[in-house]
Amino acid sequence: MAKSVCGEHEVSTFRLELDVGNSSLKWRLMSGAQRLGGGRLADSPAALVELLGAGPTVVHIASVRSEERNQELIDTFVLAGVPFSFARSQRECAGVTNSYADIEKMGVDRWLVMVAAFADCGGPCVVVDAGTALTIDVVSGTGAHLGGYIIAGAGLSAKALADHTGRVRFAGEDRVSLVPGVDTEGCVHHGKWLAQLGAVMAALQQAEVAIGSTAEVYITGGDAPALISLAGAQGAGWQYREELVLDGLAVVMTAS
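Reading the values: rules and limits
- Residues numbered from 1 in each chain as written.
- Predicted model: local features only at pLDDT ≥ 70, side-chain atom pairs only at ≥ 80, totals over all residues.
- Heavy atoms only, no water.
- Helix = DSSP H or I, 4+ residues; strand = E, 2+ residues; numbered from the N terminus.
- Rg over C-alpha atoms; globule rule 2.2 N^0.38 Å.
- Buried < 20%, exposed > 50% of the residue type's maximum accessible area, 1.4 Å probe, protein only.
- Contact = heavy atoms within 4.5 Å.
- Salt bridge = Lys/Arg side-chain N within 4 Å of Asp/Glu carboxyl O.
- Axes fitted to C-alpha atoms, helices over the stretch in contact; angles between N-to-C directions.
- Parallel < 35°, antiparallel > 145°, perpendicular 65-115°, else oblique.
- Left-handed = near helix turned anticlockwise from the far one by under 90°.
- Pairing = 2+ DSSP bridges.
- pLDDT = per-residue confidence, 0-100.

### Quick word on the overall build of the chain
The number of helices and strands found in the chain is seven helices and twelve strands. Taking 256 residues into account, the globule formula puts the C-alpha radius of gyration at 18 Å, and the chain, at 19 Å, falls close to it. Viewed in the frame of its principal axes, the chain has a C-alpha envelope of about 55 × 45 × 35 Å. When each of the 256 residues of the chain is scored for burial, the buried share is 44%. In the chain, once contacts between residues fewer than 6 apart in sequence are set aside, the share between residues at least 24 apart is 54%.

### A few points about the pattern of salt bridges
One pass over the full model with this rule turns up eleven salt bridges. Here Arg35 makes a salt bridge to Glu243, at a shortest N to O gap of 2.7 Å. Of this pair, Arg35 sits in strand β3 (residues 34-42) while Glu243 is found in the loop between β12 (239-240) and α7 (244-254), placing the two residues 208 residues apart along the sequence.

### Regarding the environment of Gln206
Tracing the backbone through its elements, the reader meets Gln206 in helix α5 (residues 184-211). Sequence separation between Gln206 and Val138 is 68 residues, and the spatial gap between their C-alpha atoms is 9.2 Å.

### Structural notes on the packing of helix α4 (residues 154-164) against α5
Look at α4 against α5: their axes get within 9 Å of each other, and the N-to-C directions meet at 135 degrees. Between α4 and α5, the interaxial angle falls into the category oblique. Note on packing geometry: the crossing formed by α4 with α5 is right-handed. Of the residues in α5, those touching α4 at Ala154, Ser157, Ala158 and Leu161 are Val188, Lys192, Trp193 and Gln196.

### Quick word on the sheet that holds β12
Strand pairing in a sheet takes place through backbone hydrogen bonds and is either antiparallel or parallel in direction. Overall, mixed pairing links the five strands, which are arranged β10-β9-β8-β11-β12 in an open sheet. Edge positions in the sheet fall to β10 (145-152) and β12, since each of these pairs with one other strand and no more. The pairing of strand β11 (residues 216-220) with β12 spans two bridges and is parallel. Across the sheet, Tyr218 pairs through a bridge with Gln239, a residue of β12. On top of the sheet, helix α6 (residues 224-231) reaches β8 (125-130), β9 (133-139), β11 and β12; it is set at about 135 degrees to β11, its chief contact.

### Re the confidence of the model for the chain
Residues with a pLDDT of 70 or more make up 95% of the chain, whose mean pLDDT is 92. Counting interchain partners and residues more than four positions distant, the pLDDT-below-50 stretch residues 1-5 has 22 contacts. For the stretch residues 8-12, pLDDT sits under 50, and the model shows 13 contacts to residues farther than four places along the chain or on other chains.

### Details of the sheet that holds strand β5 (residues 84-86)
The sheet built from five strands is open, its strands ordered β3-β2-β1-β4-β5 with mixed pairing. Of all the strands in the sheet, the pair left with one neighbour each is β3 and β5. Taken pair by pair, the neighbouring strands of this sheet meet at an average axis angle of 15 degrees, ignoring direction. By the bridge criterion, eight bridges tie strand β2 (residues 24-31) to β3 in an arrangement that is antiparallel. If you follow Arg28 over to β3, its bridge partner there is Gly38.

This is the structure in structure tokens:
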């Protein structure tokens, strides 16, 4: 499998960037620094083939899939005859230094959002990715990764209650609120958001202690808008970047 090294790749004139998650695929088509299009697709080979039909000259990929599932992507790229490269977590890139002793154990999505955030602000930052998992990472003013947190996301939290309790049963649409629930559905849905926001707020307090000052907060992921809304005035100051993983992918593939 192709691997990336910071600064190894030059900017392609027509490239497809992919953020391959556990259940969906985010994409954008770039011509140099110009974004030509993008969006989210269901996880299917047919959808990927359709994207390749746009004629990119290279594909850059950030994937949290297993190696076996990544092989499905590789087979598609090879069949289409399109050059490709997978990003990997690194020891250092674009001023950010990885804290993990074994850098291969850090999810590439976490690495890329840290690189993107630090490249954008050039100073201390806390990076929140609110998706299937809620990840929170702290970066110092010098680009040192000071550590982070991995927590079950809102959906997983509710699913755990449904799967592993005998009497906690709930249905209906999600309820994004922090007020105490007055039925099981409300208690579960409001409780999961209370836990998510509480984790973020507690992490921000810990980050301020670790950094020694306040930090810019970047947030991405499918649940990011809900968390920003629930955070009120404090959330209004957070930097919401829907394509933060792809932003980091671009930096990693082009940084010198």
